[in-house]
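Overview (structure and organization)
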Amino acid sequence: MDKGSGVGVLDKAALVLTALESGPATLAGLVAATGLARPTAHRLAVALEHHRLVARDLQGRFVLGPRLSELSAAAGEDRLLATAGPVLARLRDITGESAQLWRRQGDHRVCVAAVERPSGLRDTIPIGSQLTMRAGSAAQVLLAWEEPDRMQRGLESAAYSATALSGIRRRGWAQSVGEREQGVGSVSAPVRSPSGKVIAAVSVSGPLERLSRQPGRMHAPAVLAAAERLSESLRRAAAD
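Since we're looking at a predicted model, the values are computed, not measured. (Residues numbered from 1 in each chain as written. Predicted model: local features only at pLDDT ≥ 70, side-chain atom pairs only at ≥ 80, totals over all residues. Heavy atoms only, no water.)

Now for the overall build of the protein. Helix and strand counts for the protein stand at ten helices and eight strands. Rg of the C-alpha trace for the protein: 19 Å, near the compact-globule value of 18 Å for 240 residues, within the 12% margin. Judged by the C-alpha coordinates and their principal axes, the protein covers about 60 × 40 × 30 Å. Expressed as a percentage of the 240 residues in the protein, the buried residues total 45%. Sequence separation of at least 24 residues holds for 56% of the intrachain contacts in the protein that already meet a minimum separation of 6. With the model as given, the accessible surface of the protein reaches about 12,200 Å², and the carbon-plus-sulfur share is 52%. Looking at the protein, you have 31 positive and 23 negative side-chain charges, and the mean spots of the two groups are 2 Å apart. (Helix = DSSP H or I, 4+ residues; strand = E, 2+ residues; numbered from the N terminus. Rg over C-alpha atoms; globule rule 2.2 N^0.38 Å. Buried < 20%, exposed > 50% of the residue type's maximum accessible area, 1.4 Å probe, protein only. Contact = heavy atoms within 4.5 Å. Areas by Shrake-Rupley, 256 points an atom, 1.4 Å probe, with all protein chains shown as cover. Lys, Arg positive; Asp, Glu negative; His and termini not counted. Charge placed at Lys NZ, Arg CZ, Asp CG, Glu CD.)

Let's shift gears to the packing of helix H1 (residues 8-20) against helix H3 (residues 38-50). Axes are the key here: two packed helices are described by the angle between their axes and the distance separating the axes. Here H1 crosses H3 at 80°, and the two axes come no closer than 10 Å. Here H1 is positioned roughly perpendicular relative to H3, judged by the angle of their axes. Where H1 abuts H3, its residues Val 9, Lys 12, Ala 13, Val 16 and Leu 17 lie against Thr 40, Leu 44 and Leu 48. In the contact of H1 with H3, the residues fall into six nonpolar, one polar and one charged. (Axes fitted to C-alpha atoms, helices over the stretch in contact; angles between N-to-C directions. Parallel < 35°, antiparallel > 145°, perpendicular 65-115°, else oblique. Nonpolar A, V, L, I, M, F, W, Y, C, P; charged D, E, K, R; others polar.)

What follows covers the sheet that holds strand S6 (residues 174-177). Strands sit in the order S5-S4-S3-S8-S7-S6 across an open sheet of six strands; the sheet is antiparallel. Two strands close off the open sheet at either side, each with one partner strand: strand S5 (130-132) and S6. Averaged over all pairs of adjacent strands, the angle between their axes in this sheet comes to 30°, without regard to strand direction. Across nine bridges, strand S7 (residues 184-192) lies against strand S8 (residues 198-207) in antiparallel orientation. Residue pairing in the sheet places Ser 186 in a bridge with Ser 205 of S8. (Pairing = 2+ DSSP bridges.)

Turning to the nonpolar core, a few remarks are in order. Among the nonpolar cores identified, the biggest contains 25 residues, and Leu 88, Leu 91, Leu 101, Val 191, Val 202 and Leu 230 are the most heavily contacted of them. If you list the elements that add at least two residues to this core, you get helix H5 (79-95), strand S3 (98-105), strand S4 (108-115), S7, S8 and helix H10 (215-239). Setting aside residues no more than four positions away along its own chain, Val 191 makes contact with Leu 80, Leu 101, Lys 197, Val 198, Ile 199, Ala 200, Val 202, Ala 227, Leu 230, Ser 231 and Leu 234. Counting residues in hydrophobic clusters, the runner-up holds 18 residues, among them Ile 125, Tyr 160, Leu 165 and Ala 174. (Core = buried A, V, L, I, M, F, W, Y, C linked by side-chain atoms within 4.5 Å.)

Of the residues in the protein, 94% reach a pLDDT of 70 or more, and the chain-wide mean stands at 89. Mean pLDDT across the secondary structure elements of the protein bottoms out at helix H4 (residues 66-74), with 69, and peaks at H3, with 96. (pLDDT = per-residue confidence, 0-100.)

All right, on to the UniProt feature "domain: HTH iclR-type" (unreviewed entry) in the protein then. Taking the UniProt record as the reference, the feature "domain: HTH iclR-type" (unreviewed entry) is found at residues 7-66. The span residues 7-66 shows a helical share of 58% and a strand share of 10%, and its end C-alpha atoms are spaced 25 Å apart. (UniProt positions renumbered as here; feature names shortened; annotations may be inferred.)

Right under this line is the structure:
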């Protein structure tokens, strides 16, 4: 283990946050990952939860909290969020539909950036919304490139199948038709870190009367291009 800072409680809190980087963890999982005593791990996790640095998923497991994203954005270090606004606005203008950027948080996906279609019938998803990973094209994209064990767990109650995820990996995008909400369709593509890891999904969504039963035919090229622009912004930032 790396040499500590000399401030023991902070070093232990950092161990907890690092352990949660790989996904949700029970208290027993935190103890195993950090080597901390069970009472210590519990006390630190609860204290971090109080400050929104840690949260709980629907199963009561510990996950990284929303305050981390807020701090990152406030510090100007989140290149993805800084770039997302103009890219999503352009995607909306090209497709005529609302556009969003999603990140996975435990068993949910969180809308971290969004622009709406300016008028008419539209799919409105406020920034900060938490939706299930069980349905929707963004959920499929965020799960399709996960490690096999996490993918298998995610598929247990999903509206889509392993075969569907295989097709998504092959073509590079996902679509959903009334999967998350009746009458609504969407198209999503992955945003990748400089190392190639899928860290977010960019999407367009709207009523099926405009998107049709095959929304990918209409909008996959534009969504893929937007995802690539966001990925490229991260590669440029890493190279600076």
